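Coordinate analysis (summary)
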Amino acid sequence: MGRIYSKNKIYLFNLVIILVGFLAFNFAFPQILNLPWFPKRDFKLGLDLQGGVRLVYQVDFSQIKEEDKKLVLEGLKEILERRVNLFGAKEPLIQIQGEKIVVELPGTIDPEKAVKEIGKTPYLEFREEKEDFLKILEEKGKEISKEDLDKIFVSTPLTGRYLKRADVVFDPMTSQPSVSLEFNEEGAKIFEDLTQKNIGKHLAIFIDQKLISSPVVREKISGGKAQITGNFTIEEARELARNLNAGALPAPINLVSQTTVGPTLGKISLEKSLKAGIIGLLAISIFMILFYRLPGVLASLALMFYLFFVLFLFKLFSFTFTLAGIGGFLLSLGMAVDANILIFSRMREEIKEGKKLKEALEEAIKRAWPAIRDGNLTTLIVAMIFFFLGTSFVRGFAMTLSLGILVSMFTAIFVTSNFLRMFIETKLEKIKILW
């Protein structure tokens, strides 16, 4: 790991780090300097910091085949996402955890209304065209009101209870995706009658009274099997099939857990977390300065850049801050200090043996790197296991820990070391008490 750099490269690198740190600081906290070039956007806060409602639903798979469970879960998740949008919740989070669906609605939400509306079993229905569909659609746009829908379409006896399944299929000649439908025996008869009297017209498909597709009937269809064709992308075809299966398969969801966090409690949690972080950062800086002197001062400065870089990445990629995530962030801060301590301790030993700062620093980095690499790598592996196998709070902890470790390795190995290289062959190098 140890390399010899020219003074110009060292100064240029440090100048770039300071400039990037300044930009990251202003992106994370634009309100402090209030410069005009930086967008003012808030950090994305989780339920435990912002307050809100967390609902856990158990999916009833008693009438679902094992091979259909994943498809049903994905379809239900998309249905719930549409329902959640009706609340205007800011940054909702909906996750599949085993055979459960977790819905988190940060902000001021009426818990009773959320439970009532979100927990309904998806209602799939087919409607036939009543008036000129295209004419009204051109006038109103796709997001039309319920009154307009009633003018365009009329309900039919065909609902999701008659649909056996929907699948994505591909044309063997063109590889164009389409969605196949299969109705049960009773549904096949209803579907045959509908297609016979609606040739050339739209047969609209609704879920929760929201239009999801409006294919045109080309001919009378017997046997209960049909295909919805069009210029679908593969993902569009999959989404339509998931929605149809969610409304067709009898998989009701039952509320098994409800947690409400008030905005006041969330604010208190955030304030305490920030206070703990500031105290921890100050304590680490004081320890580093008292024990390692000038290298400790530079390490504390590098930790400030570490803080700016991590917060910049969180805001840039809209990562969610939770209490567990802040815990992972603070733990990664300790990992950054650990790397500095390994380098500084080894460097101090090399200096005591009579080596100059340049040789001592490069040797220290070279010898400390395997321990830093292995320690951080094992922590990253554990964090990845937490992320892929854990629940939402554990995943938040794992994500911030992983991001923090990667940034901390950069600041410890490159930023702090290059700050130290500025003092090579200077008068300060000869002042032993500084080292």
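Anyway, here's the lowdown on the structure attached to this text.

Parameters and conventions
- Residues numbered from 1 in each chain as written.
- Predicted model: local features only at pLDDT ≥ 70, side-chain atom pairs only at ≥ 80, totals over all residues.
- Heavy atoms only, no water.
- Pairing = 2+ DSSP bridges.
- Helix = DSSP H or I, 4+ residues; strand = E, 2+ residues; numbered from the N terminus.
- Axes fitted to C-alpha atoms, helices over the stretch in contact; angles between N-to-C directions.
- Contact = heavy atoms within 4.5 Å.
- Parallel < 35°, antiparallel > 145°, perpendicular 65-115°, else oblique.
- Left-handed = near helix turned anticlockwise from the far one by under 90°.
- Nonpolar A, V, L, I, M, F, W, Y, C, P; charged D, E, K, R; others polar.
- Expected span 1.5 Å × (residues − 1).
- Bend = angle between axes of the 7 residues up to and from the residue.
- Phe/Tyr/Trp six-rings, centres within 6.5 Å; stacked < 30°, edge-to-face > 60°.
- Lys NZ or Arg CZ within 6 Å of the ring centre and 35° of its normal.
- Salt bridge = Lys/Arg side-chain N within 4 Å of Asp/Glu carboxyl O.
- Buried < 20%, exposed > 50% of the residue type's maximum accessible area, 1.4 Å probe, protein only.

Here we take up the sheet that holds strand β4 (residues 100-106). The strand order β3-β4-β2-β12 describes an open sheet built from 4 strands, whose pairing is antiparallel. Across the chains shown, the open sheet's two edge strands, defined by having one partner strand only, are β3 (93-97) and β12 (253-261). Direction aside, the axes of adjacent strands within the sheet are offset by 15° on average. Sheet topology places strand β2 (residues 52-59) next to β12; 8 bridges connect them, and they run antiparallel. Pairing of Y57 across the sheet is with L255, part of β12. Of the strands in this sheet, β2, β4 and β12 are in contact with helix α5 (residues 111-118), which crosses β2 at around 25°.

Attention now goes to the sheet that holds strand β11 (residues 225-228). Paired through their backbone hydrogen bonds, the strands of a sheet run either parallel or antiparallel. Judged by pairing direction, the sheet is antiparallel, and its 3 strands sit side by side in the order β7-β8-β11 without closing on themselves. Only two strands of the sheet have a single neighbouring strand rather than two, namely β7 (163-170) and β11. On average, each strand axis in the sheet is tilted by 25° relative to the strand beside it, whichever way the strands run. With 7 bridges joining them, β7 and strand β8 (residues 177-183) adopt antiparallel strand pairing. Directly across from F170, in β8, lies its bridge partner P177.

This part takes up the packing of helix α1 (residues 7-28) against helix α11 (residues 294-316). Any two packed helices are characterised by the angle at which their axes cross and by the distance between the axes. Taken N-terminus to C-terminus, the directions of α1 and α11 make an angle of 50°; their axes are 8 Å apart at the nearest point. Classed by the angle they form, the pair α1 and α11 counts as oblique. Of the two possible hands of crossing, α1 and α11 adopt the one that is left-handed. Where α1 abuts α11, its residues I17, I18, V20, G21, A24, F25, F27 and A28 lie against F305, F308, F309, L311, F312, K315 and L316. Within the contact of α1 with α11, the residues separate by chemical class into 13 nonpolar, 1 polar and 1 charged.

Before going further, it helps to spend a moment on helix α13 (residues 357-389). A rise of 1.5 Å per residue sets the reference length of α13, with its 33 residues, at 48 Å; its end C-alpha atoms lie 46 Å apart and thus fit the reference within 8%. Its maximal kink placed at A368, α13 deviates by approximately 40°, while the proline P370 follows within four residues.

One pass over the full model with this rule turns up 21 aromatic pairs. The ring of F43 carries K315 above its face, with NZ or CZ at 4.5 Å from the centroid. Note that R395 overlies the ring of F387, its terminal NZ or CZ placed 4.5 Å from the centroid.

A word on the pattern of salt bridges. In total, this model carries 16 salt bridges according to the counting rule given. Linking K358 and E425 is a salt bridge whose minimum nitrogen-to-oxygen distance equals 3.8 Å. One end of the pair, K358, is in helix α13; the other, E425, is in the segment after α14 (392-421), with 67 residues separating them in the sequence. Classification of K358 by relative accessible area gives partly exposed; the value is 28%. Look at the salt bridges and you will find they share partners, linking R346, E349, E350 and K355 into a network.

Turning our eyes to something else, we now look at unusual backbone geometry. The phi torsion at S175 lies on the positive side, around 60°, for a residue other than glycine. Residue position: S175 is located in the loop between β7 and β8. A positive phi angle, near 60°, is found at R293, a position not held by glycine. Along the chain, the position of R293 falls in the loop between α10 (263-292) and α11.

Once that is clear, we can look at the packing of α11 against helix α12 (residues 323-352). Packing of α11 against α12 leaves a shortest axis separation of 11 Å and a crossing angle of 150°. Accordingly, the angle class assigned to the pair α11 and α12 is roughly antiparallel. As α11 runs across α12, the sense of the crossing is right-handed. For the pair formed by α11 and α12, the contact residues are P295, G296, A299, L303, Y306, L307 and V310 on the first element and F329, S332, L333, A336, V337, N340, F344 and M347 on the second. A per-class count over the contact of α11 with α12 returns 12 nonpolar, 3 polar and no charged.

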